[in-house]
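Structural overview for review
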Amino acid sequence: ETASLRQKAEEQINRKRPAKTAHLTEADSMKLLHELEVHQIELEMQNEELKLAKEKAKTATEKFTAIYDFAYTGYFTLNTSGRITELNLSGAKMLGKERATLVNNEFMQFITLDTINDFSDFLRNVFETNVKESCEVRLKVAGNPSIFVHVEGIASEDEHKCLLTVVDITKRKHTEEILKLKAQEYELFINLMANSEKQMI
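What counts as what
- Every chain begins its residue count from 1, and numbering advances along the sequence as written.
- Local features in this predicted model are restricted to residues of pLDDT 70 or higher, and side-chain atom pairs are both shown and tallied only at a pLDDT of 80 or more, whereas totals for entire chains, interfaces and linings draw on every residue.
- Hydrogen atoms and water are omitted, and side-chain values are computed over all heavy atoms in the structure.
- Elements are defined by DSSP. Helices are runs of H or I of four residues or more, strands are runs of E of two residues or more, and each kind is numbered from the N terminus.
- Residue contacts are counted whenever heavy atoms from the two residues lie within 4.5 Å of one another.
- By the criterion applied in these results, polar contacts are pairs of N or O atoms within 3.5 Å in which, for protein atoms, one can donate a hydrogen and the other can accept it, and in which residues neighboring in sequence qualify only through two side-chain atoms.
- Whether two strands pair comes down to DSSP finding at least two bridges between them.
- Within 6.5 Å between ring centres, the rings of Phe, Tyr and Trp (the latter by its six-membered ring) count as paired, and their orientation is classed by plane angle as stacked under 30 degrees, edge-to-face over 60, tilted in between.
- Accessibility here uses a 1.4 Å probe with only protein chains present; expressed as a share of the type maximum, an area under 20% marks a residue as buried, one over 50% as exposed, and anything in between as partly exposed.

What follows deals with the environment of T170. One can find T170 in helix α6 (residues 170-200). On a C-alpha basis, the gap between T170 and I147 in space is 5.5 Å, while along the polypeptide they are 23 residues apart. Apart from the residues within four sequence positions on either side, T170 is in contact with I147 and F148. For T170, the side chain forms a polar contact with the main-chain nitrogen of F148, separated by 3.0 Å.

Next up, the structure:
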């Protein structure tokens, strides 16, 4: 195959070569040889630059993959019908399933009934407004209690996909619930004390 390509190349050169090149002087031949050698070195240098660029691109891709896969945040890509087309390992862990089994599933099936309307409105707004939207929902986790998550999303440049970042805020929500209960207890205690004082008077 290589010999065949070389033969074709030589045939093309012979067709394109002017008749006068057959009568080149020794000086002209040396000049032509020098130009060919310089051109060959230029090609070799370009080849080295391409190899370096390829290595850099490979390293950058590996770093991006590592950051994407092992980030604390869950990353999901949904299509316009809300199906998962891509996700990272953290996203799969949040849902308690293997990543490969989650691709092509509807993201909405992992959202609890009490927060599904919030997510539905959020997803519609993402595609309609083309600006970053956010919401808080609860996710159903296979074999574990549901978790609260903060979701941010924006439509991709071609507007056919939604890019989501999902952060587990369960601890924060539980803390808020405890603080809310404590506030209610305190308010109840104050009311009881006030009523007791009135009765004593």
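A few words now on the pairing of strand β2 (residues 84-87). Of the pairings in the sheet, the one linking strand β1 (residues 74-79) to β2 comprises three bridges and is antiparallel in character. Opposite T77, over in β2, you have E86 as the bridge partner. The antiparallel hairpin formed by β1 and β2 contains four residues in its connecting segment, where G82 sits at a positive phi of about 85°.

So, about the packing of aromatic side chains. Under the criterion given, the structure shown has three aromatic pairs. Their ring planes at 65° and their centres at 5.0 Å tell us that F76 and F107 sit as a pair that is edge-to-face. One end of the pair, F76, is in strand β1; the other, F107, is in the loop between α4 (99-102) and α5 (116-129), with 31 residues separating them in the sequence. Assessed through its relative accessible area of 1%, F76 is described here as buried. When the ring of F107 is compared with that of F119, the centres are 5.2 Å apart and the planes differ by 40°; the resulting orientation is tilted. Remark: F119 occurs in helix α5 and F107 occurs in the loop between α4 and α5; sequence separation between them is twelve residues. For F107, a relative accessible area of 0% corresponds to the buried category. Using a relative accessible area of 1% as the deciding quantity, one classes F119 as buried. Three or more aromatic residues link up through ring pairs in this structure, and these residues are F76, F107, F119 and F122.

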